[in-house]
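# Tertiary structure, described
One-letter residues, chain by chain:
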Amino acid sequence: MQVLSGKDVAMSVLEHVRKEAVIFGEKYGRMPSIAVILVGEDPASQTYVAAKKKSALELGYGHKDYHLSVHATQQELLELVRELNADDDVDGILVQMPLPPHMDENCVIDTIDPAKDVDGFHPVNAGKILLGRSSLVSCTPKGVLRIMDHYGIRTAGKDVVIIGRSSIVGKPMAALLMQKGRDATVTVCHSCTLGLKEHVRRADIIIAAVGHPHMITADMVKSEAVVIDVGITRVTDLTKKKGWRLVGDVDYDNVAPRTSAITPVPGGVGPMTIAMLMENTLQAAQERKREQKGENA
Ligand SMILES: Nc1nc(=O)c2c([nH]1)NC[C@@H]1CN(c3ccc(C(=O)N[C@@H](CCC(=O)O)C(=O)O)cc3)C=[N+]21
């Protein structure tokens, strides 16, 4: 059994991104830049936003940080997004999800300039993925593909079973895996699926993206399957200094021995998400500059 270290792959991705970002900087007189907006005080969101900031600063990226009160209005948030859309020195805009219940996430996503949508959440970018056209790709599914590429895990002709149908992971993951070149046979399971165990047991590759700790148990996993665990849930653990620990969707200790390869939590898909965000920011910066040169020519 091989442990697929997203942490290691993320480090090598970021090394490459750093070099490309320096080349960008020399060419255009500034580094790629990202604006991150956090609304409210959710502790997990604060941790993620801090991790994104740290990664951006380590790469020498331009970084703008906006923290809106939980009482901020949707109008204020949209105003800020429009301001960042118009700011030529901002390449990427990320609005941390989830938003407080009085805000409409779709409306906020729709307002982000698709060229700056480094999350790949805008309908234009999500639609392009489905059509197999190049685009800014949602960071987590992109990270999953990159881990598999790095370790030489082939998907052509394989039965891939995805558990979870979210717009940010399950759906784009399915679209990417069925593309020409990836060539997987994809099944998407969700909360209304009947016979989940039977579906999952057939899989050569299992991708769990639900957010239910330990829902994938050893009896659901074919011997020598590849298991990708996208779930990250904080569970109370008073033996830990922070009072919690991170748990994946996979019952790792019992599942791992049956697999040919598996991602751990933490240190698996999570670090890849941030590495892909940095790569997307570089891509957005490069494409915006190319677009502008085209227009000026
Ligand atoms: N607009 C938006 N874009 C996102 O990309 C986005 C979001 N909203 N909302 C929340 C989710 C979650 N997410 C994670 C990123 C990194 C780790 C990560 O690096 N995890 C580390 C552990 C971190 C820790 O110790 O807390 C690991 O798995 O090893 C986890 C989760 C991005 N998200």
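Conventions adopted
- Residues numbered from 1 in each chain as written.
- Predicted model: local features only at pLDDT ≥ 70, side-chain atom pairs only at ≥ 80, totals over all residues.
- Near = placed C-beta within 6 Å.
- Nonpolar A, V, L, I, M, F, W, Y, C, P; charged D, E, K, R; others polar.
- Domains from an automatic or database assignment.
- Core = buried A, V, L, I, M, F, W, Y, C linked by C-beta atoms within 7 Å.
- Buried ≥ 20, exposed ≤ 12 C-beta atoms within 10 Å, placed from the backbone.
- Helix = DSSP H or I, 4+ residues; strand = E, 2+ residues; numbered from the N terminus.
- Contact = placed C-beta atoms within 7 Å.
- Pairing = 2+ DSSP bridges.
- Axes fitted to C-alpha atoms, helices over the stretch in contact; angles between N-to-C directions.
- UniProt positions renumbered as here; feature names shortened; annotations may be inferred.
- Arc of directions from axis to C-beta.

### Details of the site of the ligand
Within the structure, the ligand sits among 18 residues, and Met97, Pro266, Gly267, Gly270 and Thr273 are positioned closest to it. By residue class, the composition of the shell around the ligand is 12 nonpolar, 5 polar and 1 charged. When residues are assigned to domains, the shell around the ligand turns out to be shared by domain 1 (28-113) and domain 2 (139-269), each giving three or more.

### Quick word on the nonpolar core
Across soluble globular proteins, you tend to see nonpolar side chains buried next to one another. With 85 residues, the main nonpolar core has Val144, Ile162, Ile206, Ile207, Ala208 and Val227 as its most contacted residues. A total of 10 residues in this core trace back to one element, the largest contributor, which is helix H10 (residues 269-296). For this core, the two domains that each supply at least three residues are domain 1 (28-113) and domain 2 (139-269). Setting aside residues up to four positions removed in sequence, alanine 208 forms contacts with Ile163, Ile216, Asp229, Val230, Gly231, Asp249 and Val250.

### Some points on the sheet that holds strand E4 (residues 92-95)
Neighbouring strands of a sheet are bound in pairs by backbone hydrogen bonds; such pairs are parallel or else antiparallel. Taken in spatial order, the 3 strands make up an open sheet running E3-E2-E4, and their pairing is parallel. Lying at the two open borders of the sheet, with one neighbouring strand each, are strand E3 (62-68) and E4. Going across the sheet, the axis of each strand differs from the next one's by a mean of 15°, ignoring polarity. Pairing between strand E2 (residues 33-39) and E3: 7 bridges, direction parallel. Bridging from a neighbouring strand, valine 36 pairs with aspartate 65 of E3. Where helix H2 (residues 43-58) meets the sheet, its contacts fall on E2 and E3, and the angle it forms with E2 comes to roughly 165°.

### Overview of the UniProt feature "domain: Tetrahydrofolate dehydrogenase/cyclohydrolase NAD(P)-binding" (unreviewed entry) in the protein chain
Taken from the UniProt record, the annotation "domain: Tetrahydrofolate dehydrogenase/cyclohydrolase NAD(P)-binding" (unreviewed entry) applies to residues 138-288. Here residues 138-288 runs as 34% helix and 19% strand, with 18 Å between its end C-alpha atoms.

### Concerning the environment of threonine 233
By the element assignment, threonine 233 lies in strand E9 (residues 233-236). Separated by 34 residues in the primary sequence, threonine 233 and histidine 199 have C-alpha atoms spaced 24 Å apart.

### Some words on unusual backbone geometry
For the peptide bond that leads from methionine 97 to proline 98, omega is 0°, which places it in the cis range. Among the secondary structure elements, proline 98 is positioned in the loop between E4 and helix H4 (105-111). With omega at -5°, the peptide bond leading from valine 265 into proline 266 counts as cis. With respect to the helices, strands and loops of the structure, proline 266 is situated in the loop between strand E11 (261-262) and H10. Backbone geometry at histidine 214 places phi at a positive 60°, although glycine is not the residue there. Within the element layout of this structure, histidine 214 appears in the loop between strand E7 (205-208) and strand E8 (226-229). The phi dihedral of glutamate 224 falls on the positive side, at around 75°, and the residue is not glycine. Inspection of the secondary structure assignment puts glutamate 224 in the loop between E7 and E8.

### Quick notes on the UniProt feature "binding site: NADP(+)" (unreviewed entry) in the protein chain
With numbering matched to this structure, UniProt assigns "binding site: NADP(+)" (unreviewed entry) to Gly164, Arg165, Ser166 and Ile232. By the secondary structure assignment, arginine 165 is in the loop between strand E5 (159-163) and helix H7 (170-178). Since 18 C-beta atoms lie within 10 Å of it, arginine 165 is described here as partly exposed. Arginine 165 has contacts with Gly170, Lys171, Val188 and His190, leaving out every residue within four places of it along the chain. By the element assignment, isoleucine 232 lies in the loop between E8 and E9. Those residues in contact with isoleucine 232, other than ones at most four positions away along the chain, are Leu246, Gly248, Val265 and Gly270.

### Remarks on helix H5 (residues 123-131)
The set of residues buried in H5 consists of Asn125, Ala126 and Ile129. Along the axis of H5, the buried positions cluster into a sector of 100°, meaning they face one direction only. On its buried side, H5 packs onto H7. After H5 finishes, the residue glycine 132 shows a positive phi value of roughly 75°.

### Let's talk about the sheet that holds strand E6 (residues 185-189)
Read across the sheet, 6 strands follow the order E1-E11-E8-E7-E5-E6 without closing on themselves; strand pairing throughout is parallel. If you trace the sheet from one side to the other, it starts and ends with strand E1 (2-3) and E6, each paired once. Bridging between E1 and E11 involves 2 bridges; their strand directions are parallel. Opposite glutamine 2, over in E11, you have alanine 261 as the bridge partner. Packed on one face of the sheet, H7 meets E5, E6 and E7 and runs near 170° to E6.

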